[in-house]
Amino acid sequence: MDMPQWCFHGMTSWPAHLMQKLSRSLGTPLHHQISAVIKDGIANGRYQPGERLPTEDALCRLFSVSRITVRRAMQGLEEQGLIERRQGDGTFVAESAAVVSLQTPLSGFMAQVAESRALSTPRLLSFEEVEAPLQVLTGLMLPPGERVMKLVRLRTRGSLPILHSTAWLPADIAARLRPEDFSRHALSELMARAGFPYFRIEAAAGAALADPVLARDLQVPIGSALVDVRRVAFDQHGRAIEYQHVLGPSDRYQMRVTMRS
């Protein structure tokens, strides 16, 4: 049972838009939500190896939770080898948590997208305005309570599903798009037509397990291993214009990276 040892001291240098309460209606423990946000920041390179993280007091204020909740979150991250807590010195991103950064021309990435698009067909599952989840707020650098357009699609090759994608778009960008176009065109193409071409993309890849909904949509057993890719697209001015979460079975969905000297 989480005891209400509330923290009222300490400030944080994290962006002001993260100063918000977590959702108690998600069915996910608060300490898991906190660790997921920090883990996502490490995976995406927002928090670099060796970087000092906010104090427990600051995290309490940041997420509006108790000290015990914060300690549980940090303990979980420490057990995964993602952070190091140094007595009397603070908490730091572990050097072993380094993410290999691969820089490749955007044209090469878009060529892969075009190749995949030519061999598959998108199907729109849902298109709705929602309050942005915490990780989406972080990725798109939006203020708390901001509403975004959530777009869920399933891409198939013949009758076989190959990937499940969820994209969140800022409201002003989504207003320029029509739902019916998402069943005919790639999102990158629609964004370019709307005047928001991709200039830079930051992506992090990992693994996940298929929950009952994903298992049904992707036609795989519950608990199957999936490739998990989260990416944020930016325009030429550095504005984050799209947050996308893509999941697919490893035998159907792969990412290829080419490195040249």
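Just above, that's the structure.
Nothing here was measured: the structure is a model prediction, and the numbers come from that model.

The rules behind the values
Residues numbered from 1 in each chain as written. Predicted model: local features only at pLDDT ≥ 70, side-chain atom pairs only at ≥ 80, totals over all residues. Heavy atoms only, no water. Helix = DSSP H or I, 4+ residues; strand = E, 2+ residues; numbered from the N terminus. Contact = heavy atoms within 4.5 Å. Areas by Shrake-Rupley, 256 points an atom, 1.4 Å probe, with all protein chains shown as cover. Core = buried A, V, L, I, M, F, W, Y, C linked by side-chain atoms within 4.5 Å. Buried < 20%, exposed > 50% of the residue type's maximum accessible area, 1.4 Å probe, protein only. Expected span 1.5 Å × (residues − 1).

Student: Explain the overall build of the protein chain to me, using residue names and the numbers behind them.
Tutor: Secondary structure summary: the protein chain contains 8 helices and 8 strands in total. A sequence separation of at least 24 residues applies to 63% of the contacts in the protein chain between residues at least 6 apart. Carbon and sulfur atoms provide 53% of the accessible area of the protein chain, an area that totals close to 14,200 Å².

Student: Outline the nonpolar core, listing residues and values.
Tutor: Ile 38, Ile 42, Phe 63, Met 74 and Ile 83 are the most contacted members of the largest nonpolar core, which has 20 residues in total. For this core, the secondary structure elements donating two or more residues are α1 (30-43), α2 (56-63) and α3 (67-79). Here this core takes 5 residues from α1, the largest share from any one element.

Student: I'd love a proper account of α3, names of residues and values included.
Tutor: Over its 13 residues, α3 runs 18 Å from end to end, which matches the ideal 18 Å to within 8%, given 1.5 Å per residue. Just downstream of α3, Gly 81 is the residue with a positive phi angle, here 75°.

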